[in-house]
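Residue strings, one per chain:
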Amino acid sequence: PNLLHDFSVPADHLEEFLKDLGPLAKSHKKHLKLYGCYSTGIYSLRPEFDLKKVDERRTALKLLRDFHELLTKHGGSLAGGLPEGRLKSLVIYPDMDKDEKKLYADVKKIFDKNHVFAPGVKTEYDTQDAVRHLRIEPLPGLNS
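Note that the structure is a prediction, hence the values are computed from the model and not measured.

## Some details on the packing of helix 1 (residues 14-28) against helix 2 (residues 54-73)
Contact geometry for helix 1 and helix 2: axes closest at 11 Å, N-to-C directions at 160°. In terms of their interaxial angle, helix 1 and helix 2 are classed as roughly antiparallel. The way helix 1 lies across helix 2 gives a crossing that is right-handed. Taken together, the residues of helix 2 that come into contact with helix 1 (itself represented by Phe 17, Asp 20, Leu 21, Leu 24 and His 28) are Thr 59, Lys 62, Leu 63, Asp 66, Phe 67, Leu 70, Leu 71 and Lys 73. Residue classes in the contact of helix 1 with helix 2 are distributed as seven nonpolar, two polar and four charged.

## Details of unusual backbone geometry
Phi is positive for Asp 6, close to 55°, though the residue is something other than glycine. Here Asp 6 lies in the segment before strand 1 (7-8). Taking the relative accessible area as the measure of exposure, Asp 6 reaches 18% and is therefore buried. Of note, Lys 29 is a non-glycine position whose phi angle comes to about 55°, a positive value.

## With respect to the pattern of salt bridges
Side-chain pairs of opposite charge can arise where the charged atoms are in close proximity. Counting across every chain of the model gives eight salt bridges. For Lys 19, the salt bridge is made with Glu 16, and the minimal N-O distance between the two is 3.2 Å. With Lys 19 and Glu 16 both in helix 1 and three residues apart, this pair spans about one turn of that helix. With a relative accessible area of 40%, Glu 16 lands in the partly exposed category. In this structure, the salt-bridge partner of Lys 73 is Asp 20, at a minimum N-O distance of 2.8 Å.

## Considering the environment of Ser 8
Topologically, Ser 8 is positioned in strand 1. In this structure, the C-alpha to C-alpha distance between Ser 8 and His 74, residues 66 residues apart in sequence, is 9.9 Å. Not counting residues within four places of it along the chain, the set of residues in contact with Ser 8 comprises Gly 41, Ile 42, Leu 71, Gly 76, Ser 77, Ala 79 and Gly 80.

## Let's talk about the packing of aromatic side chains
Taken as a whole and judged by the stated rule, the model has four aromatic pairs. Look at Phe 7 and Phe 17: their rings are 6.1 Å apart centre to centre, the planes differ by 50°, and that puts the pair in the tilted class. Placement of Phe 7 in strand 1 and of Phe 17 in helix 1 is noted, with a sequence separation of 10 residues between them. Take Phe 7: its relative accessible area is 0%, and that puts it in the buried class. Given a relative accessible area of 0%, Phe 17 falls into the buried group. Both rings, one in Phe 7 and one in Phe 67, keep their centres 4.8 Å apart while their planes meet at 75°; by these two values the pair is edge-to-face. One end of the pair, Phe 7, is in strand 1; the other, Phe 67, is in helix 2, and 60 residues separate them in sequence. In textbook terms, an aromatic cluster arises when at least three aromatic residues are bridged by ring pairs, as seen for Phe 7, Phe 17, Tyr 43 and Phe 67.

## Focus: the confidence of the model for the chain
For any part of a model where pLDDT is low, the fine detail of the predicted coordinates should not be relied upon. On average, residues of the chain score 84 in pLDDT, and 83% of them are at 70 or above. Least confident of the elements in the chain is helix 5 (residues 127-131), whose mean pLDDT is 69; most confident is helix 1, at 96.

## Some points on the pairing of strand 3 (residues 42-45)
Alignment of strand 1 against strand 3, held across two bridges, turns out to be antiparallel. In the strand pairing of strand 3, Ser 8 is matched with Ile 42. Direction of pairing for strand 2 (residues 34-37) relative to strand 3: antiparallel, over a ladder of four bridges. Following the sheet pairing, Cys 37 is matched in strand 3 by Ile 42. Between the end of strand 2 and the start of strand 3, which pair antiparallel, lie four residues, with Gly 41 showing a positive phi angle near 75°.

What counts and how
- Residues numbered from 1 in each chain as written.
- Predicted model: local features only at pLDDT ≥ 70, side-chain atom pairs only at ≥ 80, totals over all residues.
- Heavy atoms only, no water.
- Axes fitted to C-alpha atoms, helices over the stretch in contact; angles between N-to-C directions.
- Helix = DSSP H or I, 4+ residues; strand = E, 2+ residues; numbered from the N terminus.
- Parallel < 35°, antiparallel > 145°, perpendicular 65-115°, else oblique.
- Left-handed = near helix turned anticlockwise from the far one by under 90°.
- Contact = heavy atoms within 4.5 Å.
- Nonpolar A, V, L, I, M, F, W, Y, C, P; charged D, E, K, R; others polar.
- Buried < 20%, exposed > 50% of the residue type's maximum accessible area, 1.4 Å probe, protein only.
- Salt bridge = Lys/Arg side-chain N within 4 Å of Asp/Glu carboxyl O.
- Phe/Tyr/Trp six-rings, centres within 6.5 Å; stacked < 30°, edge-to-face > 60°.
- pLDDT = per-residue confidence, 0-100.
- Pairing = 2+ DSSP bridges.

Next up, the structure:
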């Protein structure tokens, strides 16, 4: 899954972020090789998970939560080049303050009165529903 893609790390925090990334990788027993662009500050990690296994899904979500904490510590964000999306919202939404949550809900009411566009993203969400979006099969043609 692309849980850890398109995140941002400010250039002046990159060195310390990388120092902390090693222990995170070790604690989760995952290879966390960094890909990205220094000039934009947008990076990706591509850890592998077997999402057919429930324990691997739990591991993936725990890594996402821990990684979010690491990014926050270093002034980064899970949303770098793209919006958070449903899965990243699992860890971002709880950290939003009340006013920010209200702003997202108000904007949603204006532009999506029938709640058909990305229900549960950046608004109240259901963890189990979001976890269902973890793909257990590769998309046809992309990973063959």
